[in-house]
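# Summary of the model geometry
As a plain string of letters, each chain reads:
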There are 2 protein chains.
Amino acid sequence: MKKIAVDAMGGDNAPQAIVEGVNQALAEFEDIEIELYGDETKIREYLTVSERVTIKHTDEKIDSDDEPAKAVRRKKKASMVLGAQAVKQKEAQALISAGNTGALLAAGLFVVGRIKGIDRPGLMSTLPTVDGSGFDMLDLGANAENTAHHLHQYAVLGSFYAENVRGLARPRVGLLNNGTEDTKGDPLRKEAYSLLAADASLNFVGNIEARELMNGAADVVVADGFTGNAVLKTMEGTGMSIVEVLKSAIKTGGAKAKLGAFFLKDSLYNLRDLMDYSSAGGAVLFGLKAPVVKCHGSSDAKSVYYTIKQVRTMLETDVISQLTEVFASEEE
Amino acid sequence: MKKIAVDAMGGDNAPQAIVEGVNQALAEFEDIEIELYGDETKIREYLTVSERVTIKHTDEKIDSDDEPAKAVRRKKKASMVLGAQAVKQKEAQALISAGNTGALLAAGLFVVGRIKGIDRPGLMSTLPTVDGSGFDMLDLGANAENTAHHLHQYAVLGSFYAENVRGLARPRVGLLNNGTEDTKGDPLRKEAYSLLAADASLNFVGNIEARELMNGAADVVVADGFTGNAVLKTMEGTGMSIVEVLKSAIKTGGAKAKLGAFFLKDSLYNLRDLMDYSSAGGAVLFGLKAPVVKCHGSSDAKSVYYTIKQVRTMLETDVISQLTEVFASEEE
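Residues numbered from 1 in each chain as written. Chains lettered and ligands numbered in written order. Predicted model: local features only at pLDDT ≥ 70, side-chain atom pairs only at ≥ 80, totals over all residues. Heavy atoms only, no water.

### Overview of the domain arrangement of chain A
All names here are of chain A. Applied cut-off: The start and end points of each domain follow an automatic or database-based domain assignment. A contact between two residues is defined here by any heavy atoms of the two lying within 4.5 Å. Values labelled buried area give the accessible surface lost by two parts on being combined, using a 1.4 Å probe and summing over both. A side-chain nitrogen of Lys or Arg and a carboxyl oxygen of Asp or Glu constitute a salt bridge if their distance falls within 4 Å. Whenever two N or O atoms come within 3.5 Å, that pair is a polar contact, provided that in protein one can donate a hydrogen and the other can accept it, and provided that, for residues adjacent in sequence, both atoms are side-chain atoms. Secondary structure elements are defined from DSSP: runs of H or I of at least 4 residues count as helices, runs of E of at least 2 residues count as strands, and each element is numbered from the N terminus.
Examined at the domain level, chain A breaks down into domain 1 (1-118 + 287-332) and domain 2 (124-278). Its C-alpha centre places domain 1 at a distance of 25 Å from the equivalent point of domain 2. Counting residues at the interface gives 16 residues for domain 1 and 10 residues for domain 2. At the boundary of domain 1 with domain 2, total buried surface from both sides reaches about 1200 Å², with 67% on carbon and sulfur atoms. Along the contact surface separating domain 1 from domain 2 lie zero salt bridges. Across the contact surface, domain 1 and domain 2 share three residue pairs in polar contact (both at pLDDT 80 or more). Elements with a minimum of two residues in the side of domain 1 that touches domain 2: helix H11 (301-317) and helix H12 (319-331). The leading source of residues in the side of domain 1 that touches domain 2 is H11, at six residues.

### Some remarks on unusual backbone geometry
Residue A:Pro15 follows A:Ala14 across a cis peptide bond; omega there is -5°. Relative to the assigned elements, A:Pro15 resides in the loop between strand E1 (2-7) and helix H1 (16-28). Of note, B:Asp318 is a non-glycine position whose phi angle comes to about 55°, a positive value. Mapped onto the elements, B:Asp318 comes out in the loop between helix H11 (301-316) and helix H12 (319-331).

### Brief notes about the relation of the copies chain B and chain A
Selection rule: Superposition of the copies used a least-squares fit over C-alpha atoms from residues whose pLDDT is at least 70 in both.
If you rotate chain B by 180° and push it 0.0 Å along the axis, it lands on chain A with an RMSD of 0.0 Å. Overall, the copies show the geometry of a two-fold rotation axis. When C-alpha distances to the rotation axis are compared across chain B, the minimum falls at B:Gly260, with a value of 1.8 Å. When you check the interface residues of chain B against chain A, 100% turn up at the interface there too, and the contact is symmetric in its surfaces.

### Some details on the side chain of B:Ser79
Residues and elements named next belong to chain B. Inspection of the secondary structure assignment puts Ser79 in helix H4 (residues 79-88). A polar contact of 2.6 Å, which involves the side chain of Ser79, links it to the side chain of Asp7. Excluding residues within four positions of it along the chain, Ser79 makes contact with Asp7, Met9, Tyr37, Gly38, Thr58, Glu60 and Lys61.

### Section: the sheet that holds strand E8 (residues 203-208) of chain B
Residues and elements named next belong to chain B. Quick note on the threshold: A pair of strands is labelled paired if DSSP reports no fewer than 2 bridges between them. Between the N-to-C directions of two axes lies an angle of 0 to 180 degrees, each axis being a line fitted to C-alpha atoms and, for a helix, fitted only over the stretch in contact.
The sheet built from 11 strands is open, its strands ordered E3-E2-E1-E4-E11-E10-E5-E6-E9-E7-E8 with mixed pairing. Either end of the sheet is taken by a strand with one partner, and the two such strands are strand E3 (53-57) and E8. Here the strands of the sheet are splayed against their neighbours by 25° on average, with no regard to which way each runs. As defined by bridge partners, strand E5 (residues 122-127) adjoins strand E10 (residues 283-286) across three bridges and the pair is classed as antiparallel. Bridging across to E10, Met124 finds its partner in Val284. Where helix H6 (residues 148-164) meets the sheet, it contacts E5, strand E6 (135-138), strand E7 (172-176), strand E9 (220-222) and E10, and its direction lies at approximately 165° from that of E9.

Set out below in structure tokens:
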């Protein structure tokens, strides 16, 4: 039985979307147990009763505008913090939250703790490609700065994830850089390139330009947290802007445009699915002793369901134990 | 009379698109003279004869896969290099090319030369916003690394451009960062924030996240060349990917989707225009003693025309002389 702690109070649609996602996951997967942290009365409103779900009541929660590290330190009874404590005490094997990202990072680092040998856990998501297969990218912003050594660790982490959770054999690892030639980049990139090229356990395919990310140039893309964050937010912003321009063009385009949109409805849904991509699950704070996964703040029940599914696969494949061994042997 | 040197041999559609763009610009603007550098016979095929255009024949040209600095050093008679020489010798006041970007950067830096007091000229483009007004961003990748001092210079350069060329009063300057709070970012961003906030000549509006770029969060956005390059390429890649998904959905969506696309044609054109945005001109290598502007490699005649228009405005407003004075007085 896999036991997953879920913060019921995080995100824009909590607790309803969270609890409904939990209901779906419990109905689908018979090998999981869920601990729901949050306001019992509110949770009960939406929860389908099951033997495999327990509510851990608390009145306290971390808000989206709370200062992350401070909130984790001071709100010791917050639903997210209690969930992290449960993982620390091995009462649960993983933590999911749609709440304050910074606070979840802090709870992950300070409560759950790093895998021995990993210096700076990175935030990793599976992001969309045109062909639908997706790519994993990290660090998406857990850190404002990274060394080449961190980038090398991200390559190992991402590679294990792609192989175990996404089922890819010998995932192609790329280094995000300002050109594809071997000699490109600043000193950080050049040093990272050497470390990646020298590691025979990786299927390193060289430098990748941001223009080629959605064309599936690599299965795993490593970046420092500052650049990764900028790239992720640019993808999101560009996607949203295009949808907005299209919507407003349809709205102001008169009857002809509206008719066109009606006929094109299915195709426009494809577009939405491309940019949404929640079926791949949430963003993993990767490099911790247990899976700690962030659902998007605006997650609906479906996204929560997919994140539980993702965490279940991480537990099933035991990817964290594998990584723990790899990094322990490197330390020696 | 404004005299502009144009490399007729650079880009995918050279010399036809280049020469046709020149024809349009000469017809529209009576106060410009063009020097066309390249193969005279090929240029003559497309050129509308005018008193205000001269052909400077050369057989040599820089190819898109030439190693930039080496090509500029060795191919002394290449159309791009001769154009840069003409600017250096004040025979022309500006240079336009759709050729090898790295080579144009090298020709700009080593032949045309930097404005005194400017350490690292940056590559700047006007990029699209949802409302159509656009924003200027630099450095888009002329440099792989920048200091906070460089970012401050980019803010001054971008501000002068937005005011002079785009006609904005007190352009809002933002710093690309991984969050909007004052305290965000790595040491480079924190130091740049202090420099920008302390400069009363700037209308500094604080940190900007990449997600808000296309919403027009600032008129001028400064970034280091590595991040700026990644953001630009992500915007391009995401835009192209979305268009591709939409096209393929229409193609495989049967008669209904095709009918929808027909009715939505005008709205889809709006989308294309949003992502194209060539009416704002080319990418300026900014901080040199004269305007040196890169047209996109795939430029058509219209983009070349718009780039000539942009350069004409730069010459008319004398933005380079203004900047030269500003940076000269800072040096003292």
